[in-house]
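# Structural overview for review
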Amino acid sequence: MRERKTPLNLNCGLDLIGEVLYGKWKIRLLWFINEGHKRPSELQRKIPDASRRVLNVQLNELEAHDLIKKKVFAVVPPKVEYSLTPFGKTIIPIIGALGKWGDENEKKLRDLILNSKIKLHAENYNSIKQRKAIKHD
């Protein structure tokens with residue numbers, strides 16, 4: 001397991017949720033497992049931008065945090081299915097509410113995200129230009 005760059009902080013509910021749900025694909029994995037997509041290959045098809053390795057790491061973390069359980073079938077080739085635990089099912093309404101908020105604010109959120117990326121790109125470009133100008137002086 002990798003070493004943490006920042007100390008573990010478990011002082012409030014938001015810290016705890018962040019620790020359990022931090023990861024680019026975890027919320028989507030929980031949602032898709034709840035929808036009935038249980039096999040790793042099904043989850044990979046639902047999230048094609050994620051590497052299989054990253055999905056496996058995040059599935060293992062969700063399992064370690066008792067949000068999902070893994071069932072391994074004794075067949076050849078091996079078959080694995082994931083399902084939500086009773087504890088994992090308690091977060092689905094919250095994920096649904098976040099998704100609804102995102103849908104209701106889709107245009108504003110998209111514009112904010114795209115504008116911040118453009119602004120960040122421009123700042124990086126200007127910073128590089130300034131460094132090059134300093135080197136040439």
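Residues numbered from 1 in each chain as written. Predicted model: local features only at pLDDT ≥ 70, side-chain atom pairs only at ≥ 80, totals over all residues. Heavy atoms only, no water.

### Observations regarding the pattern of salt bridges
Per the stated rule, a full pass over the model turns up 5 salt bridges. Of the charged contacts, one joins Glu-61 and Lys-26 as a salt bridge, the two residues approaching to 2.8 Å between their closest N and O atoms. Of this pair, Glu-61 sits in helix α4 (residues 52-64) while Lys-26 sits in helix α2 (residues 26-34); the two residues are 35 residues apart in sequence, bridging distant segments of the chain. The exposure class of Lys-26 is buried, given its relative accessible area of 1%. A salt bridge links Lys-107 to Asp-111; its shortest N-O distance comes to 2.8 Å. Pair noted here: Lys-107 and Asp-111 are both in helix α7 (residues 106-136), with a separation of 4 residues, about one helical turn. (Salt bridge = Lys/Arg side-chain N within 4 Å of Asp/Glu carboxyl O. Helix = DSSP H or I, 4+ residues; strand = E, 2+ residues; numbered from the N terminus. Buried < 20%, exposed > 50% of the residue type's maximum accessible area, 1.4 Å probe, protein only.)

### Describing the pairing of strand β2 (residues 79-84)
Side chains Val-80, Tyr-82 and Leu-84 of β2 all project onto a buried face; the interleaved residues Lys-79, Glu-81 and Ser-83 project onto a face where none is buried. Judged from the 6 bridges that link them, strand β1 (residues 68-73) and β2 form a sheet pairing that is antiparallel. Pairing of Phe-73 across the sheet is with Lys-79, part of β2. Taking the residues between adjacent antiparallel strands as the criterion, β1 and β2 are bridged by 5 residues. (Pairing = 2+ DSSP bridges.)

Keep in mind these numbers describe shape, not what the thing actually does.
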